[in-house]
Amino acid sequence: MKMALIAHDRKKDNLIQFAIAYRDILKEHDLYATGTTGTMIEAETGLPITKFRSGPLGGDQQIGAMIANNDMDMVFFFRDPLTAQPHEPDVMALVRLCDLYHIPLATNMGTAEILLKGLQEGFVDWRILEERRK
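Residues numbered from 1 in each chain as written. Predicted model: local features only at pLDDT ≥ 70, side-chain atom pairs only at ≥ 80, totals over all residues. Heavy atoms only, no water.

(A) Structural view of the packing of aromatic side chains. Taken as a whole and assessed by the stated rule, the structure comprises four aromatic pairs. Taking 5.1 Å as the distance between ring centres and 45° as the angle between the ring planes, the aromatic pair formed by Phe18 and Tyr22 counts as tilted. Taken as a pair, Phe18 and Tyr22 share a single burial class, namely buried. According to the relative accessible area criterion, Phe18 is buried, its value standing at 0%. (Phe/Tyr/Trp six-rings, centres within 6.5 Å; stacked < 30°, edge-to-face > 60°. Buried < 20%, exposed > 50% of the residue type's maximum accessible area, 1.4 Å probe, protein only.)

Set out below in structure tokens:
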């Protein structure tokens, strides 16, 4: 599966800890991330990550384009609910696309763990069935 890893500045450490804890699961998938987040996760875990631009410079939109083209299966976007983001419209557009195209989206550690454990159990196998991806 193709998975996106995104985090606001104050949540990057949480996403890195998540990636370290679930490295064995994540290494079986194609990982994509916004620039700074991807660089930090790659350095800490050794996982290969395709990196886009940073979120405020269009990285969120690049991942959104993959979603709109049915080329992304799961998104982990650890958002900071206490800090205003200058690119909030881009963030909301990404969340909207996940809802529109039925892409599982985790915005916090608890939901992220449930998604990965569900993935292990086969609860999102429908994403890998080509006829269901259209």
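(B) Up close: the packing of helix α4 (residues 59-68) against helix α5 (residues 88-100). Contact geometry for α4 and α5: axes closest at 9 Å, N-to-C directions at 15°. When the axes of α4 and α5 are compared, the pair comes out roughly parallel. Here α4 and α5 pass one another in a crossing that is left-handed. The residues of α5 that touch α4, namely those facing Asp60, Gln61, Ile63, Gly64 and Ile67, are Asp90, Val91, Leu94, Leu97 and Cys98. Residues belonging to the contact of α4 with α5 are distributed by class as follows: six nonpolar, two polar and two charged. (Axes fitted to C-alpha atoms, helices over the stretch in contact; angles between N-to-C directions. Helix = DSSP H or I, 4+ residues; strand = E, 2+ residues; numbered from the N terminus. Parallel < 35°, antiparallel > 145°, perpendicular 65-115°, else oblique. Left-handed = near helix turned anticlockwise from the far one by under 90°. Contact = heavy atoms within 4.5 Å. Nonpolar A, V, L, I, M, F, W, Y, C, P; charged D, E, K, R; others polar.)

(C) Region of interest: the sheet that holds strand β1 (residues 2-7). Spatially, β3-β2-β1-β4-β5 is the arrangement adopted by the five strands of the open sheet, whose pairing is parallel. Because the sheet does not close on itself, it has two edges, and the strands there are β3 (49-51) and β5 (105-106). Packing of helix α1 (residues 12-21) onto the sheet brings it into contact with β1 and β4 (74-78), and relative to β4 it is tilted by some 135°. Taken strand by strand, α4 contacts β1, β2 (30-33) and β4, and its axis lies near 155° from that of β1. (Pairing = 2+ DSSP bridges.)

Coordinates in, geometry out; function isn't part of it.
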